[in-house]
Amino acid sequence: MSQSLTGKEKARLVVLISGGGSNLQSFIDACENKFLNAEIAAVISNKANVKGLERAANANIPNIVIDHRGFDSREEFDEELATLIESFNPHLVILAGFMRILTADFVARFLGKLINIHPSLLPAYPGLHTHQRAIDAGDNEAGATVHFVTPELDGGPSVLQARVPIKSNDSAEILASRVLTYEHQIYPQVAQWFCQGRLIMKEGIAILDGEFLGENGIIFGTTSEQK
Ligand code: GAR
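Positions within a chain are numbered from 1, following the residues in the order the chain's sequence is written. Only residues with pLDDT of 70 or above have their local features reported here, since the model is predicted, and side-chain atom pairs are shown and tallied only from 80 upward, although totals for entire chains, interfaces and linings are computed over all residues. The basis for every side-chain value is the complete set of non-hydrogen atoms in the structure, without hydrogens or water.

## Comments concerning the overall build of the chain
Then step 1. Think of it this way: any DSSP run of H or I at least four residues long counts as a helix, any run of E at least two long counts as a strand, and we number them from the N terminus. Counting secondary structure elements, the chain contains six helices and eleven strands.
Then step 2. Using C-alpha atoms as the atom set, the radius of gyration is obtained and then compared with a globule rule of 2.2 Å times the number of residues to the power 0.38. Scaling as 2.2 N^0.38, a compact globule of 227 residues should have a C-alpha radius of gyration of about 17 Å, and the chain matches this with 17 Å.
Then step 3. Taken along the three principal axes of its C-alpha coordinates, the chain extends 45 × 40 × 35 Å.
Then step 4. The classification of residues rests on relative accessible area computed with a 1.4 Å probe and restricted to protein chains. Under 20% of the type maximum is buried, over 50% is exposed, and intermediate values are partly exposed. Buried positions account for 51% of the 227 residues belonging to the chain.
Then step 5. For this analysis, residues touch if any pair of their heavy atoms sits within 4.5 Å. Within the chain, contacts between residues at least 6 apart in sequence are counted, and of these 66% link residues at least 24 apart.
Then step 6. A total accessible area of about 10,800 Å² is found for the chain, and carbon and sulfur atoms account for 49% of it.
Then step 7. When charges are tallied, Lys and Arg are placed among the positive residues and Asp and Glu among the negative ones, while His and the ends of the chain are skipped. Think of each charge as sitting on NZ of Lys, CZ of Arg, CG of Asp or CD of Glu. When the 19 positive and 27 negative side-chain charges of the chain are each reduced to one mean point, those points stand 6 Å apart. Computed with the Shrake-Rupley method and a 1.4 Å probe, the accessible areas treat only the protein chains shown as cover for residues.

As structure tokens, this is what we get:
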């Protein structure tokens, strides 16, 4: 993996996807409009024929499919995936709707340089079906969290969290699309901080501009102040 960033050089990103890639698109746009001083060196998907691959191709970004079903074990898939990622020598690896549980060995290889977006207000609702679970629980808000990845599923330190209201007749689909529009704002923002050398993870804690971030990270959205 590349050395840490100082903010002056152009960062190399590798983005991992499994599907539609709307978050990937927000990174493509952020690189194009220079919000991010970065280039996407590769997009890697564990599924063929997904829209995210089309988005990458349209932006002339190398895009590669590595199908997990072709491997005998999670360890073998992760080993191949890690080797492929390292061949691009990225500063930051971005999980953007990458729907695979990663082995501890994989995470260790990219520790501090691996971020994820999860569609809930972590630590609430790790795992799947987050929006339905929030609705079923009678919550009045939902959201998404960008966090550093550690071996614990959806358990790494949060950096930035978007909160949105849950409305009375919301279905999981409607809520998901409301949350997604915020995902597209908070995810490139976190990458920008990282690429500027302002955001690091140290001893399992996220630190922005020298300040430790709390359990939820910074809150962005309707219920709290924006930073
Ligand atoms: C996003 O909502 C993202 O938060 C979620 O998958 C969706 C991908 O959408 N990720 C997870 O659930 C990871 N556990 P996209 O392909 O349009 O970016």
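## Things to note about the packing of helix 1 (residues 22–32) against helix 2 (residues 51–58)
Then step 1. Fitted lines through C-alpha atoms serve as axes, helices being fitted only where they are in contact, and the angles separating the N-to-C directions of these axes extend from 0 to 180 degrees. The N-to-C vectors of helix 1 and helix 2 enclose an angle of 15°; their axes lie 9 Å apart at closest approach. Regarding the angle of helix 1 to helix 2, the classification is roughly parallel. Read as a crossing pair, helix 1 and helix 2 show a hand that is right-handed. Touching S22, L24, Q25 and I28 of helix 1 are G52, R55 and A56, all from helix 2.
Then step 2. A per-class count over the contact of helix 1 with helix 2 returns three nonpolar, three polar and one charged. For this classification, under 35 degrees means roughly parallel, over 145 means roughly antiparallel, 65 to 115 means roughly perpendicular, and everything else is oblique. Definitions for this section: a left-handed crossing has its near helix turned counterclockwise from the far helix by less than a right angle. A right-handed crossing has that turn clockwise. Amino acids outside the nonpolar list (Ala, Val, Leu, Ile, Met, Phe, Trp, Tyr, Cys, Pro) and the charged list (Asp, Glu, Lys, Arg) are all regarded as polar, and Gly is one of them.

## Overview of the site of the ligand
Then step 1. Nearness of a residue to a molecule or strand requires only that one of the residue's heavy atoms be within 4 Å of it. Close to the ligand lie G20, G21, S22, N23, G97, M99, I117, H118, P119, L180 and E183.
Then step 2. Two N or O atoms form a polar contact when they lie within 3.5 Å of each other; inside protein one atom must be a possible hydrogen donor and the other a possible acceptor, and for residues adjacent in sequence the pair counts only when both atoms belong to side chains. One nitrogen or oxygen atom from the side chain of H118 is found 3.5 Å from a nitrogen atom belonging to the ligand.
Then step 3. Burial of the ligand by the surrounding chains reaches 81%, relative to a free accessible area of 450 Å².
Then step 4. Looking at the shell around the ligand, the elements with two or more residues in it are helix 1, strand 5 (114–118) and helix 6 (172–195).
Then step 5. Residues belonging to the shell around the ligand are distributed by class as follows: four nonpolar, six polar and one charged.

## Some remarks on the sheet that holds strand 10 (residues 211–212)
Picture the strands of a sheet paired through backbone hydrogen bonds; they go either parallel or antiparallel.
Then step 1. For two strands to pair, DSSP has to find at least two bridges joining them. Overall, antiparallel pairing links the three strands, which are arranged 8-9-10 in an open sheet. In this open sheet, the two strands that pair with only one neighbour each are strand 8 (199–202) and strand 10.

## Considerations on a negative patch on the surface
Then step 1. Residues with no salt bridge and a relative accessible area higher than 30% make up the patches, which join like charges within 9 Å and nonpolar side chains (Val, Leu, Ile, Met, Phe, Trp, Tyr) within 5 Å. Salt bridges are defined as contacts in which a side-chain nitrogen from Lys or Arg sits within 4 Å of a carboxyl oxygen from Asp or Glu. A surface patch of like charges, here negative, comprises D72, E75, E76 and D105.
Then step 2. Along the chain, D72 falls in the loop between strand 3 (63–65) and helix 3 (74–86).

## Some points on the pattern of salt bridges
Pairs can form between side chains of opposite charge once their charged atoms are near each other.
Then step 1. Under the definition given, this model contains six salt bridges.
Then step 2. Between D67 and R69 there is a salt bridge, with its nearest N and O atoms 2.7 Å apart.
Then step 3. Residue class for D67 comes out partly exposed when judged on its relative accessible area of 24%.
Then step 4. R69 gets classed as exposed once you look at its relative accessible area, which sits at 68%.

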